[in-house]
Amino acid sequence: MQCQCIQHFGQPLIQDERPDMTPTGTEVILEVTAAGVCHTDLHMREGGVDLGRGERLNYADRGIKLPLTVGHETVGRVIAAGPDAGEIDMTRNYVVFPWCGCGACDVCRQGDENLCATPRYLGIHVDGGYATQLRIAHPRYLFDIGDLDPARAAPLACSGLTTFSALKKLGDSYFDQPPLLIGAGGLGLMCIRLLAALGAKAPVVADIDPAKRAAALEAGAAAVIDPASPDVLSEIASACGGTPPRAILDFVGAEATAKLAFNALARNGKLVTVGLFGGAAPWSLPMITLKSVHIMGSYVGSLTEFAELIEIARSGAIDAIPSTVFPLDKAEETLNLLEEGKIVGRAVLSPATQV
Ligand SMILES: NC(=O)c1ccc[n+]([C@@H]2O[C@H](COP(=O)([O-])OP(=O)(O)OC[C@H]3O[C@@H](n4cnc5c(N)ncnc54)[C@H](O)[C@@H]3O)[C@@H](O)[C@H]2O)c1
Ligand SMILES: [Zn+2]
Ligand SMILES: [Zn+2]
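Since the model is a prediction, treat every value here as computed from it, not as a measurement.

Quick notes on the overall build of the protein
Phase 1: On a plain count of helices and strands, the protein comes out with 11 helices and 18 strands.
Phase 2: For 355 residues, the compact-globule estimate of 2.2 N^0.38 gives 20 Å, and the C-alpha radius of gyration of the protein, at 20 Å, lies within 12% of that figure.
Phase 3: Dimensions along the principal axes, computed over C-alpha positions, put the protein at roughly 60 × 45 × 45 Å.
Phase 4: Counting over 355 residues, the protein shows a buried share of 53%.
Phase 5: Pairs at least 24 apart in sequence give 70% of the contacts found in the protein among residues at least 6 apart.
Phase 6: Side-chain charges in the protein split into 28 positive and 40 negative, and the spacing between the mean points of these groups amounts to 5 Å.

Structural notes on the coordination of the zinc ion (ligand 2)
A metal bound by six donors in octahedral fashion has ideal angles of 90 or 180 degrees, whereas one bound by four tetrahedral donors has an ideal angle of 109.5 degrees.
Phase 1: Protein coordination at the zinc ion (ligand 2): the donors are Cys38 (SG), His72 (NE2) and Cys158 (SG), at 2.0 to 2.2 Å from the metal.
Phase 2: By relative accessible area, which is 5% here, Cys158 ends up buried.

A few points about the UniProt feature "domain: Enoyl reductase (ER)" (unreviewed entry) in the protein
Phase 1: What UniProt calls "domain: Enoyl reductase (ER)" (unreviewed entry) maps, in this numbering, to residues 10–349.
Phase 2: Span residues 10–349 is 28% helix and 22% strand, its end C-alpha atoms 21 Å apart.

Quick word on the nonpolar core
Looking at soluble globular proteins, one finds that nonpolar side chains tend to be buried together.
Phase 1: Counting 88 residues, the largest nonpolar core has Tyr130, Ile136 and Phe306 as its most contacted members.
Phase 2: Ranked by the residues each element gives to this core, the list is headed by helix H5 (residues 186–197), at seven residues.
Phase 3: Domain assignment of the residues forming this core places at least three in each of domain 1 (2–158 + 301–350) and domain 2 (160–297).
Phase 4: The contact partners of Ile136, leaving out residues within four places of it in the chain, are Glu27, Val28, Leu30, Val96, Leu122, Tyr141 and Leu142.
Phase 5: Residues Cys240, Val252, Ala261 and Leu271 belong to the second largest nonpolar core, which totals 18 residues.

Considerations on helix H6 (residues 210–219)
Phase 1: Buried within H6 we find Lys212, Arg213, Ala215, Ala216 and Ala219. What you see down the axis of H6 is that its buried residues fit within an arc of 160 degrees, all on one side. Those residues of H6 that are exposed and aimed more than 90 degrees away from the buried face are Pro210 and Glu218.
Phase 2: As for H6, its buried residues are in contact with H5, strand S12 (204–206) and strand S13 (223–225).
Phase 3: Between the side-chain oxygen of the N-cap and the backbone nitrogen of Ala211 there are 2.8 Å, and the N-cap of H6 in question is Asp209.

A short note on the domain arrangement of the protein
Phase 1: Domains assigned within the protein are domain 1 (2–158 + 301–350) and domain 2 (160–297).
Phase 2: One C-alpha centre belongs to domain 1, the other to domain 2; they are set 26 Å apart.
Phase 3: Domain 1 puts 32 residues into the contact, and the matching count from domain 2 is 25 residues.
Phase 4: When the two sides are added together, the surface that domain 1 and domain 2 hide from each other amounts to roughly 2200 Å², 65% of it contributed by carbon and sulfur.

A short note on the coordination of the zinc ion (ligand 3)
Phase 1: The zinc ion (ligand 3) binds to the protein through Cys102 (SG), Cys105 (SG), Cys108 (SG) and Cys116 (SG); the donor distances cover 2.3 to 2.4 Å.
Phase 2: One way to put it: the four donor atoms around the zinc ion (ligand 3) meet at angles of 105 to 116 degrees, and that makes the site tetrahedral.
Phase 3: All donors of the zinc ion (ligand 3) come from a single chain, and their spacing in sequence reads C-x2-C-x2-C-x7-C. Of this pair, Cys102 sits in the loop between strand S8 (94–96) and helix H2 (106–109) while Cys116 sits in the loop between H2 and strand S9 (133–136), placing them 14 residues apart in sequence.

A word on the site of ligand 1
Phase 1: Inspection of the region around ligand 1 gives 28 residues, with His39, Thr40, Asp207, Val300 and Arg346 positioned closest.
Phase 2: His39 is positioned such that a nitrogen or oxygen atom in its side chain is 2.7 Å from an oxygen atom of ligand 1.
Phase 3: The side chain of Asp207 places a nitrogen or oxygen atom 2.6 Å from an oxygen atom of ligand 1.
Phase 4: A total of 880 Å² of accessible area belongs to ligand 1 in isolation, and the protein chains cover 93% of it.
Phase 5: Looking at the shell around ligand 1, the elements with two or more residues in it are helix H1 (39–46) and H5.
Phase 6: The element that contributes the greatest number of residues to the shell around ligand 1 is H1, accounting for three residues.
Phase 7: Residues that form the shell around ligand 1 fall into these classes: 14 nonpolar, 10 polar and four charged.
Phase 8: In terms of domain composition, the shell around ligand 1 takes at least three residues from each of domain 1 (2–158 + 301–350) and domain 2 (160–297).

Looking at helix H7 (residues 232–239)
Phase 1: Where H7 is concerned, the buried positions are Val232, Ile236 and Ala237. Mapping the buried residues of H7 onto a view down its axis gives an arc of 135 degrees, with all of them on the same face.
Phase 2: Considering only its buried residues, H7 is in contact with strand S11 (180–182), S13 and helix H8 (255–264).
Phase 3: Looking one or two residues beyond H7, the residue adopting positive phi is Gly241, at roughly 105 degrees.

Some thoughts on the confidence of the model for the protein
Phase 1: Scored by pLDDT, the protein comes out at a mean of 97, with 99% of its residues at no less than 70.
Phase 2: Two summary scores accompany this predicted model of the complex, namely pTM at 0.97 and ipTM at 0.99.

Quick look at the environment of Val252
Phase 1: Tracing the backbone through its elements, the reader meets Val252 in the loop between strand S14 (247–250) and H8.
Phase 2: With a relative accessible area of 15%, Val252 lands in the buried category.
Phase 3: As for Val252 and Asp207, which are separated by 45 residues in sequence, their C-alpha atoms are 9.3 Å apart.
Phase 4: Excluding anything up to four places from it in sequence, Val252 contacts Ile182, Gly183, Thr257, Gly275, Leu276 and Phe277.

Rules behind the numbers
- Residues numbered from 1 in each chain as written.
- Chains lettered and ligands numbered in written order.
- Predicted model: local features only at pLDDT ≥ 70, side-chain atom pairs only at ≥ 80, totals over all residues.
- Heavy atoms only, no water.
- Helix = DSSP H or I, 4+ residues; strand = E, 2+ residues; numbered from the N terminus.
- Rg over C-alpha atoms; globule rule 2.2 N^0.38 Å.
- Buried < 20%, exposed > 50% of the residue type's maximum accessible area, 1.4 Å probe, protein only.
- Contact = heavy atoms within 4.5 Å.
- Lys, Arg positive; Asp, Glu negative; His and termini not counted.
- Charge placed at Lys NZ, Arg CZ, Asp CG, Glu CD.
- Donors = N, O, S within 2.8 Å, 3.2 Å for Na, K, Ca; no water.
- UniProt positions renumbered as here; feature names shortened; annotations may be inferred.
- Core = buried A, V, L, I, M, F, W, Y, C linked by side-chain atoms within 4.5 Å.
- Domains from an automatic or database assignment.
- Arc of directions from axis to C-beta.
- Polar contact = N/O pair within 3.5 Å; in protein donor to acceptor, adjacent residues only side chain to side chain.
- Buried area = accessible area lost by both parts, 1.4 Å probe.
- Tetrahedral: all angles 85-135°; square planar, octahedral: opposite > 155°, others 65-115°.
- Near = heavy atom within 4 Å.
- Areas by Shrake-Rupley, 256 points an atom, 1.4 Å probe, with all protein chains shown as cover.
- Nonpolar A, V, L, I, M, F, W, Y, C, P; charged D, E, K, R; others polar.
- pLDDT = per-residue confidence, 0-100.

Structure follows, in structure tokens:
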């Protein structure tokens, strides 16, 4: 088998050849059909994220071992199953829930294994989907994609689940006024599609890149905003129906976007922060009190939420976001394109297209 892995943080991915995988116990081995390229894979290659005020979260200090095959948005077919894996249809394409926990702690037993303290996330703690083969601990992490195209279903595992879970945390009482989304990359575009599927008002979307703003309009945004505009706050309020938005989702998570979000948010409004670009919160404590705002974070989503999302996707209710397929052996170049802001929607790696 072939894989594209991080050998050293801060350096290009390398291609590695390894023996074909064999499953034990409940494990299953997939032949990868499609592997989505998430901005988190860039943070992984970089080796951490900026926590602001001179601090940094280093993956090396968090027990992440190298070499590591990245990739957590994977679709594939089962090619081998361990003796305890049970009956599995080997003709189907499955999208994989990658946010696996230990399965034994209280958090996992409550169904929130995406928040387990000893996580085994695919492509982050254990080898992921930038490969021709992928090992899965248990078939319960596999979801049949039905008639969906693998390249379009793969992003559901992270950009889909993350935005679905963030919208659940926001709550549908916020769905009757346009929310503001900041960032129209893989996550932002997926959120536009999900809001439509859930019957919510179309959002107003801010992004620094005109090409991403055009993609947001194409995906169904009610209006788009250039954060560099001198009247950005009044433009946001007027696009949101004449008053500041009650709900904001920040899919960038940088100091500039956190500041914009806080200033644009209505009194008593809710900000859900999702992006990991980095930095420290730029808000004044008295203003949080005086504006009476709710600020919360949202990290990926649960297995139950994933099952619900895949059901909705299989019904055809979620229009796919634009995706561009690249050969698996161009993983490093594809990450560079994402870093340079040149990917609109999602890039997806395909082992089948490599030469
Ligand atoms: N919380 C979670 O569970 C979770 C899950 C997946 C990804 N993420 C993180 O979310 C972030 C976005 O991921 P993605 O895959 O959508 O990235 P992406 O690269 O596809 O998109 C990022 C978008 O943000 C825009 N942008 C950058 N700086 C901006 C600014 N200052 N103001 C407005 N727009 C700006 C870019 O133009 C681009 O359109 C990453 O940091 C990623 O690691 C978090
Ligand atoms: Zn991701
Ligand atoms: Zn656990």
